[in-house]
Amino acid sequence: MDELLSTTHPRMFSLQKIVEISYYNMGRIRLQWSRIWEVIGDHFNKVGCNPNEDVAIFAVDSLRQLSMKFLEKGELANFRFQKDFLRPFEHIMKRNRSPTIRDMVVRCIAQMVNSQAANIRSGWKNIFSVFHLAASDQDESIVELAFQTTGHIVTLVFEKHFPATIDSFQDAVKCLSEFACNAAFPDTSMEAIRLIRHCAKYVSDRPQAFKEYTSDDMNVAPEDRVWVRGWFPILFELSCIINRCKLDVRTRGLTVMFEIMKTYGNTYEKHWWQDLFRIVFRIFDNMKLPEQQTEKAEWMTTTCNHALYAICDVFTQYLEVLSDVLLDDIFAQLYWCVQQDNEQLARSGTNCLENVVILNETAPPPTSPVSEKQLDTISQKSVDIHDSIQPRSADNRQQAPLVSVSTVNEEASKIKSTAKFPEQKLFAALLIKCVVQLELIQTIDNIVFFPATSKKEDAENLAAAQRDAVDFDVRVDTQDQGMYRFLTSQQLFKLLDCLLESHRFAKAFNSNNEQRTALWKAGFKGKSKPNLLKQETSSLACGLRILFRMYMDENRVSAWEEVQQRLLNVCSEALSYFLTLTSESHREAWTNLLLLFLTKVLKISDNRVSLCLPPAPCLLHGVVTVTPGRAMYSPLLSLALPQLLKAACSMAPGPASQAAVILWHS
């Protein structure tokens, strides 16, 4: 060491002799040699980090020659001498920042892999450790050579010598993860994720190798070793990529993680899934930490949204196994998403809830009841119009959206602009709650009656009115595919209470002209006063569908009395409210709702009608027709004659009133 201290003319005579002594003593028994190398290896650690590059180069090259000689001897099972011998390469790579020396270390290791792979055993850990350090480098040549060699090991060496490399399998996956997280080389990142996907095939094809593997630091049951040493490291490192990387790389990592679950999940034990979803839910935990607003918006709109749909897909695919262990967690995660001030994520939460229920549930699961306070919190937060709702698909479902970078940038710019104006930020949050409220109403309708069923029913009702007849035989094909028949009457009443609370909230807001004007003047929602017409009508329509379906259901005779009372109250309240409306556009918004009401009443059998009427049978029984080519004016029907007459008289004279024809029957 004293010889090497000179910064200008260091002498390397003693260093050369140490190399020679090491070379000639390598034939000693392993126990003796390990004691010698304990001293000499520490010397190489220091010399390899010498500030004089010539000294460091000599040290690394000497290490390379000694290592090649040492590796030729191979290694017996359960010995770890290779790991001790190659440790100086790790130390130098970690401590020496010289690009020349780091490049040299990587080249030395690559040469060992290419020429001595068959003899390497415990040394694989050091090799992957060096490449892990190289993976985060900013020097392209270092990263490229390290990655090429890592890829060679994963694709070829693992294939030929998997039992010898299994001890370092986790290190290999961690190394690939580090390559994926180097933002300077995106192509390498994508290829690294592909190689992690390739590693999953080894675990699937060679589970026995993991079961038979033992080590001193391992106290795991044989049947769980393939999970602890194989699947878990792969899925954990993919989750790290998701949490650390930029959008394109983390999206690819997310896709591959769920691909692996979908492809190999049939081999997973139930308790493995619990470990796995603790990892998966970390994606959402990231958002619960205070971060920059723009990054949070991007994360929610892209990664959280993508993950939510993927989780529901996996849950549906492995329902039999997962329903017992993960259903409550899935619902809790969906509930969290729906509450976020991010429209895309909140809407996706309602859509995924709908998919989970419709695709999986054949009987109501035993879940703890939602408190009235929670229901109040959900339904009373909506205070705005719904014009920003995106259209659903033909079957009335939303699909997992493909979010472009431009969309993300738009979201980010919105956040930046609203941050400067607190009232605009508040308005944006209120609008999202309003949008979600309407989504939840649609979700209830889709769950109870199956997607697109109510939409088809409304179309048929309108067609029947235009034909001047009510088609009593009309039956929507999909009406029994919904969850209605699996829900108890009390559960349906609970949903009904939510719908009516939402309806009454919207009705109160729409009736409060002063509040709407104040919001409009404050800059809320554009050129006209805000309203909740869609919420007001859609919530009531869904509630009426539930009540009329229950009222005609022979299997719910025990609930008929309560249904009848609720039906009378709801209809009376709704029609009384309608009679107070003075705005033509507001009345027009009720067209489909009143058509639904008329048609449902007309389809009730006469004996049921007489039962529900006090004190005399005065229910209107008839049809409503519409003059061809004209929009239908909202017709009126009441369960009591005075209200009906009052309603008929309230219609303004003109084409609209002439279009409505009411036929009587009592």
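Keep in mind that this is a model prediction, so the values were computed, not measured.

J.: Hey, could you run me through the overall build of the protein in this one?
T.: Within the protein, the secondary structure is distributed over 30 helices and zero strands. A burial count over the protein gives 51% of its 666 residues as buried. Taking the intrachain contacts of the protein between residues at least 6 apart in sequence as the baseline, contacts between residues at least 24 apart amount to 74%.

J.: Honestly, the pattern of salt bridges in this entry has me stumped. Any pointers?
T.: It is possible for side chains bearing opposite charge to pair when their charged atoms get close. This model, assessed by the stated rule, comprises 27 salt bridges. Note that Asp-458 and Arg-545 form a salt bridge whose closest N and O atoms lie 2.5 Å from each other. With a gap of 87 residues between them, Asp-458 in helix α21 (residues 453–466) and Arg-545 in helix α24 (residues 533–551) connect regions that are remote in the sequence. Note that Glu-562 is salt-bridged to Arg-566, the shortest N-O span being 3.1 Å. Here Arg-566 and Glu-562 lie together in helix α25 (residues 560–579), a separation of four residues that amounts to about one turn. By relative accessible area, Glu-562 is classed as partly exposed at 34%.

J.: I keep staring at the packing of aromatic side chains and nothing clicks. Help me out?
T.: Two numbers describe a pair of aromatic rings. These are the distance of the centres and the angle of the planes. Under the definition given, this model contains 32 aromatic pairs. For the pair Phe-128 and Phe-158, a centre-to-centre distance of 6.4 Å together with 70 degrees between the ring planes defines the contact as edge-to-face. Of this pair, Phe-128 sits in helix α6 (residues 124–135) while Phe-158 sits in helix α7 (residues 140–165), and the two are 30 residues apart along the sequence. Assessed through its relative accessible area of 0%, Phe-158 is described here as buried. Among the aromatic residues, those joined into a cluster by ring pairs are Trp-227, Trp-231, Phe-232, Phe-236, Tyr-264, Tyr-268, Trp-272, Trp-273, Phe-277, Phe-281 and Tyr-318. For Arg-206, the ring lying beneath its charged end belongs to Phe-162, and the centroid distance is 5.3 Å.

J.: Explain the confidence of the model for the protein to me, please; I cannot follow it from the model alone.
T.: Any region with low pLDDT has predicted coordinates that should not be read closely. When pLDDT is averaged across the protein, the result is 81; 78% of the residues are at 70 or more. Across the protein, the secondary-structure element scoring lowest on mean pLDDT is helix α30 (residues 655–659), at 29, and the one scoring highest is helix α8 (residues 169–180), at 98. Counted against residues more than four places away or in other chains, residues 396–420, with its pLDDT under 50, gives 41 contacts. Per-residue pLDDT stays below 50 along residues 613–666; that stretch engages in 104 contacts with residues further than four places along the chain or on separate chains.

J.: Before we go on, may I ask you to explain the packing of helix α22 (residues 489–511) against α24 in this structure?
T.: Helices that pack against each other are described as a pair by the angle of their axes relative to one another and the distance between those axes. Between α22 and α24, whose axes approach to 8 Å, the crossing angle comes to 150 degrees. With respect to their mutual orientation, α22 and α24 come out roughly antiparallel. The handedness of the crossing between α22 and α24 comes out as left-handed. Here Ser-489, Leu-492, Phe-493, Leu-496, Leu-499, Leu-500, Ser-502, His-503, Phe-505, Ala-506, Lys-507 and Asn-510 of α22 come into contact with α24, specifically with Leu-533, Gln-535, Glu-536, Ser-539, Leu-540, Cys-542, Gly-543, Ile-546, Leu-547 and Met-550.

J.: Which parts of the structure should I look at to understand the environment of Asn-96?
T.: Relative to the assigned elements, Asn-96 resides in the loop between α4 (81–95) and α5 (99–116). The buried category is assigned to Asn-96, whose relative accessible area is 8%. Considered as a pair, Asn-96 and Gly-48 are 48 residues apart in the sequence and their alpha carbons are 7.7 Å apart. With residues up to four places along the chain from it excluded, the contact list for Asn-96 reads Gly-48, Cys-49, Ala-56, Ile-101 and Arg-102. Within polar-contact distance, the side chain of Asn-96 engages the backbone nitrogen of Ser-98 at 3.0 Å.

J.: Any chance you could explain unusual backbone geometry here in plain terms?
T.: Phi is mostly negative for residues that are not glycine, and the peptide bonds are mostly trans. For Phe-450, which is not glycine, the phi torsion reads 85 degrees and is therefore positive. In this fold, Phe-450 is placed in the loop between α20 (422–449) and α21. Phi at Ala-452 takes a positive value of approximately 75 degrees, unusual for a residue other than glycine. Following the sequence through the fold, Ala-452 ends up in the loop between α20 and α21.

J.: Just checking my understanding: could you explain the packing of α24 against helix α27 (residues 591–602) for this structure?
T.: One can describe the packing of α24 onto α27 by two numbers: an axis separation of 10 Å at closest approach and a directional angle of 10 degrees. Between α24 and α27, the crossing angle belongs to the class labelled roughly parallel. Seen from α24, the contacting residues are Thr-537, Leu-540, Ala-541, Leu-544, Arg-545 and Phe-548; seen from α27, they are Leu-593, Leu-596, Phe-597, Lys-600 and Val-601. Tallied by class, the residues present in the contact of α24 with α27 amount to eight nonpolar, one polar and two charged.

J.: So what exactly am I meant to see when it comes to the side chain of Ser-122 here?
T.: Looking at the element boundaries, Ser-122 is found in the loop between α5 and α6. By relative accessible area, which is 4% here, Ser-122 ends up buried. Among the polar contacts made by the side chain of Ser-122, one reaches the main-chain amide nitrogen of Lys-83 at a distance of 3.2 Å.

Rules of the game
- Residues numbered from 1 in each chain as written.
- Predicted model: local features only at pLDDT ≥ 70, side-chain atom pairs only at ≥ 80, totals over all residues.
- Heavy atoms only, no water.
- Helix = DSSP H or I, 4+ residues; strand = E, 2+ residues; numbered from the N terminus.
- Buried < 20%, exposed > 50% of the residue type's maximum accessible area, 1.4 Å probe, protein only.
- Contact = heavy atoms within 4.5 Å.
- Salt bridge = Lys/Arg side-chain N within 4 Å of Asp/Glu carboxyl O.
- Phe/Tyr/Trp six-rings, centres within 6.5 Å; stacked < 30°, edge-to-face > 60°.
- Lys NZ or Arg CZ within 6 Å of the ring centre and 35° of its normal.
- pLDDT = per-residue confidence, 0-100.
- Axes fitted to C-alpha atoms, helices over the stretch in contact; angles between N-to-C directions.
- Parallel < 35°, antiparallel > 145°, perpendicular 65-115°, else oblique.
- Left-handed = near helix turned anticlockwise from the far one by under 90°.
- Polar contact = N/O pair within 3.5 Å; in protein donor to acceptor, adjacent residues only side chain to side chain.
- Nonpolar A, V, L, I, M, F, W, Y, C, P; charged D, E, K, R; others polar.

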